[in-house]
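Structural overview
So you can see what is in the structure, the chains are spelled out below.
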Amino acid sequence: QIDVFTLGETMVLFQPDQMAPLDYVSHFPKKIGGAESNVAIGLARLGHQVGWFSQLGDDPFGRYVLKTIRGEGVDVSSCQFTNEAPTGLLFKEQLSPEDLNVYYYRQNSAASLMKPEQLNLEYISQAKVLHVTGITPALSETGYQTVMKAIEIAKEHGLKIVFDPNLRLKLWSKEKAKQVLNEIADQADVILPGLDEGQFMTGLESAQEVAESLSHHGDKTVIMKLGSNGAYIHSKDEQAYVEGFPVKQVVDPVGAGDGFAAGVISGLLKDEPLQTVVRRANAIGAMVVGMKGDIEGLPTLSAVERFMKPDDENRD
Ligand code: ATP
């Protein structure tokens, strides 16, 4: 039994500890990198049953990705392996605290060859929420078709669709990205853009205008991520800013959006009021940026509740 189903590519991530151009780096600690599996791991840590689907290469890296995600408590039973293509890889290069580059080795990867026929209808239809991002449709035509098929299944079986645009302009053209991200947003119940992504999708400027437009005048819930400023929500019943939590030191901004998405989905599953949901999602985002790595900072429910309390309430 799963509460949430998500799908997308997870690559092996090589992230040096050293700050230097990659041509001078010789040690590459191995981790995993993938937005959807980050969300899945975030949800598992918050106590939910979550299933993640992808296609992996039948190679040591594919097995490593699968074992790592399974080890985090995510159900990987619907994943598939192929001999036709390798598992995707990703290298991060940090030149200074602010200057981070990403090098992908994912073209024609196993995940990019995923096909809609590989989705297990029975498995997905048990879930209450489908989480999709704008990365999978950017991988390939069949990646796009697989996302659209998952959305079709979700609609047929009454799953709530949560969409994080996750714009990646290294993967496709601006024109195609704009068209497809809007197409998926039109199908979603909850949309989680950053302000820049919302501006890109709508051509509008202010958080309010962008959210109003993406929400189809309140038909959908838009929760816009605003970095250290928290988030802005626009739903049928309310429009409001929800303040973020202060962070002592931003160590690594990557992954905050995925932790935020896990917080939102967790709150939706518990039917909590929207502002309560978003307040906790803000706290999770703040915890993630305070720690190096995409998943290391993802909290358990009790850890995020402790983080949200004023300091004096945490004293023994
Ligand atoms: P990502 O880098 O993972 O793609 P994103 O651009 O999707 O992130 P952000 O707006 O950077 O999303 O972060 C998501 C949420 O995390 C924010 O809405 C906020 O709640 C929290 N957050 C991010 N950065 C900070 C910060 N510096 N201080 C406090 N909270 C933060």
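Residues numbered from 1 in each chain as written. Predicted model: local features only at pLDDT ≥ 70, side-chain atom pairs only at ≥ 80, totals over all residues. Heavy atoms only, no water.

**Regarding helix H5 (residues 141–156)**
So the rule is basically this: Counting from the N terminus, the helices are DSSP H or I runs at least four residues long and the strands are E runs at least two residues long. Multiply 1.5 Å by the residue count of a helix minus one, and that product is the helix's expected span. Exposure categories follow from relative accessible area, calculated using a 1.4 Å probe and restricted to protein chains: below 20% of the type maximum is buried, above 50% is exposed, and the middle band is partly exposed. Any two residues whose heavy atoms approach within 4.5 Å at even a single point are treated as in contact.
Between its first and last C-alpha atoms H5 spans 23 Å; for 16 residues at 1.5 Å apiece the expected length is 22 Å, and the two agree. If you check which residues of H5 are buried, you get Gly143, Tyr144, Thr146, Val147, Met148, Ala150, Ile151, Ile153 and Ala154. Elements in contact with the buried residues of H5: strand S1 (4–7), helix H3 (121–125), strand S9 (129–133), helix H4 (136–139), strand S10 (160–164) and helix H6 (174–187). After H5 finishes, the residue glycine 158 shows a positive phi value of roughly 75°.

**Focus: the site of the ligand**
Note the threshold: Being near a molecule or strand, for a residue, comes down to having at least one heavy atom within 4 Å of it. N or O atoms within 3.5 Å of each other form a polar contact, as long as, within protein, one can give a hydrogen and the other can take it, and as long as residues adjacent in sequence are counted only when both atoms are side-chain atoms. All accessible areas in this document rest on Shrake-Rupley with a 1.4 Å probe, and a residue is counted as covered only by the protein chains that are shown. Residue polarity follows a fixed list, in which Ala, Val, Leu, Ile, Met, Phe, Trp, Tyr, Cys and Pro are nonpolar, Asp, Glu, Lys and Arg are charged, and the others, Gly among them, are polar.
For the ligand, the set of nearby residues contains 18 residues, the closest of which are Gly227, Gly230, Gly255, Gly257 and Asn282. For the ligand, an oxygen atom lies 3.0 Å from a polar atom in the side chain of lysine 225. Relative to its free-state accessible area of 620 Å², the ligand is covered by the protein chains to the extent of 80%. Looking at which element gives the most residues to the shell around the ligand, the answer is helix H10 (residues 274–289), with 4 residues. Here the residues of the shell around the ligand sort into 10 nonpolar, 7 polar and 1 charged.

**Thoughts on the pairing of S9**
Our working definition: Only when DSSP finds a minimum of two bridges between them are two strands counted as paired.
With 5 of its 5 residues buried, S9 lies for the most part within the structure. Taking every second residue as pointing to the same face, both faces of S9 are buried, with Val129, His131 and Thr133 on one and Leu130 and Val132 on the other. As judged from the 3 bridges shared by S1 and S9, these two strands associate in the parallel manner. For threonine 6, the partnering residue across the bridge sits in S9 and is histidine 131.

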